[in-house]
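An overview of the molecular structure
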Amino acid sequence: MSKIVVKFGGSSLADAAQFQKVKSIITADAGRRYVVPSAPGKRCADDIKVTDMLYTCHRQAGEGVSFDDTLAQIKARYQEIINTLGLSLSLDDAFAEIRKQLSTGASKDYAASRGEYLNGMLLADYLGVPFVDAAEIILFDTDGSFLLDETISAVRARLKDLPSAVIPGFYGATRSGLVKTFSRGGSDVTGSIIARAVKATIYENWTDVSGFLVADPRIVEKPEGINTITYEELRELSYMGATVLHEDAIFPVRTAGIPINIRNTNDPDAPGTMIVSDDNDEPSRYTITGIAGKKGFCAINIQKAMMNSELGFCRKVLEVLENHGISFEHMPSGIDTMSIILSKAELEGKEQAVFSDIRKAVNPDHIDLEQGIALLAIVGRGMRRTRGTAARIFAAMAHARINVKMIDQGSSELNVIIGISEADFEEATRRIYDMFIGSES
């Protein structure tokens, strides 16, 4: 029998109706044995996620303000689900403990984790399977770093005699019992860890979209879906802003060769997107797999005659950035010029100090700052086998009269990144989509 780990996001568990959908999905396949839930998400556009309400409780407790009303609202959310589903479960003791802990200075991580904890108890009761507290098996070091090997051993030992279980996502604990959380969206990571530990045949990640799309639907009207994507392609797209899956969720299953299937709880018959190992030989439908990008970058442009013959020039410039705690994205250069593309947010407030230190370090002829840059990544394993990909990108930009400020292609030939003006970002995305998807459909 297949062994499937299923993770359900907050929108999939927002209310009782969604719980019923989740149960139907789980019971439709006997292989779906280990379930990782998130905290209840928004029920409508102007609703508040339970996790955000818990953060509010923590803030109010820290300010010495009563958080009873906020906690009562959270309890009412869960009680409404319990009542509608006709369960006899009581969360009174759990809420009493939460109130006690928050009143005595519990950490922000503890507060945030209780949404998943409570939802895990509720879902386990509804499904009639054991509940396993993630704090028992998802282990962190005292400095907050995740302990993968120890966690895998703990998960296997705990689940060895449990053919099925519900394990809440997002959090774990240190050896001393201090609750720690992953970054926001970390339930994806928990699901991936459980999948690796139990040697799952597949990790299904259920959310409110039917997998990845080639481009942002807010920019491109009804973009094509991605049937299959490799881990490597996903990493590139996630880094540039594609956010269907937490990017850290890739690593635990990637080394074990476990595929991830992104599915839609509200459209369970849709196949979604299958994320597979990088050596998968399945050809891609189009030359490119996806387009993603971000605004909010700037460029430090440096000019100096004979720069190319000055030993250590680039190192000295990058050392200045390192000393100021600034990382860079790209560094296109010429014989007498170099540009450093970096996040505007990282440089903000440090511009004058950075420029002063660069002048002291390399004595440039000229240095300036260019604002309003966007980066756009065109990603696809099909580009390795296709000639003229860069030429088609430039042609699409030329026809739209868009100036390309930078182009960078990695040695893997898996992606091409271009730098453009933020004002051209949406149009550039549409033009590239039309060039590669519209013309190849």
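Residues numbered from 1 in each chain as written. Predicted model: local features only at pLDDT ≥ 70, side-chain atom pairs only at ≥ 80, totals over all residues. Heavy atoms only, no water.

**Side note on the pattern of salt bridges**
Scanning the entire structure with this criterion turns up 22 salt bridges. Arg381 is the salt-bridge partner of Glu233, the closest N and O atoms lying 2.7 Å from each other. Of this pair, Glu233 sits in helix α8 (residues 231–239) while Arg381 sits in the loop between β13 (366–379) and α13 (389–399), placing them 148 residues apart in sequence. (Salt bridge = Lys/Arg side-chain N within 4 Å of Asp/Glu carboxyl O. Helix = DSSP H or I, 4+ residues; strand = E, 2+ residues; numbered from the N terminus.)

**Quick notes on the packing of aromatic side chains**
A full pass over the atoms with the stated rule returns seven aromatic pairs. On the basis of an interplanar angle of 20° and a centroid distance of 6.0 Å, the ring pair of Phe8 and Trp206 is categorised as stacked. Of this pair, Phe8 sits in strand β1 (residues 4–8) while Trp206 is found in strand β7 (residues 202–207), placing the two residues 198 residues apart along the sequence. Phe8 gets classed as buried once you look at its relative accessible area, which sits at 0%. Among the aromatic residues, those joined into a ring-pair cluster are Phe140, Phe146 and Phe182. The ring of Tyr126 carries Lys23 above its face, with NZ or CZ at 4.5 Å from the centroid. We note Arg114 situated over the ring of Tyr171; from NZ or CZ to the ring centre the distance is 5.3 Å. (Phe/Tyr/Trp six-rings, centres within 6.5 Å; stacked < 30°, edge-to-face > 60°. Buried < 20%, exposed > 50% of the residue type's maximum accessible area, 1.4 Å probe, protein only. Lys NZ or Arg CZ within 6 Å of the ring centre and 35° of its normal.)

**Some details on the sheet that holds strand β15 (residues 415–421)**
If you walk across this open sheet you meet the five strands as β12-β11-β13-β15-β14, and the pairing is antiparallel. Whereas interior strands pair on both sides, the edge strands pair on one side only; in this sheet they are β12 (337–343) and β14 (406–409). Between one strand axis and the next, the sheet turns through 30° on average, direction left out of account. Where strand β11 (residues 290–303) and β12 come together, seven bridges link them in antiparallel fashion. Of the residues in β12, the one forming a bridge with Cys298 is Leu342. Together, β11 and β12 form the strand contacts of helix α10 (residues 313–323), whose direction differs from that of β12 by roughly 25°. (Pairing = 2+ DSSP bridges. Axes fitted to C-alpha atoms, helices over the stretch in contact; angles between N-to-C directions. Contact = heavy atoms within 4.5 Å.)

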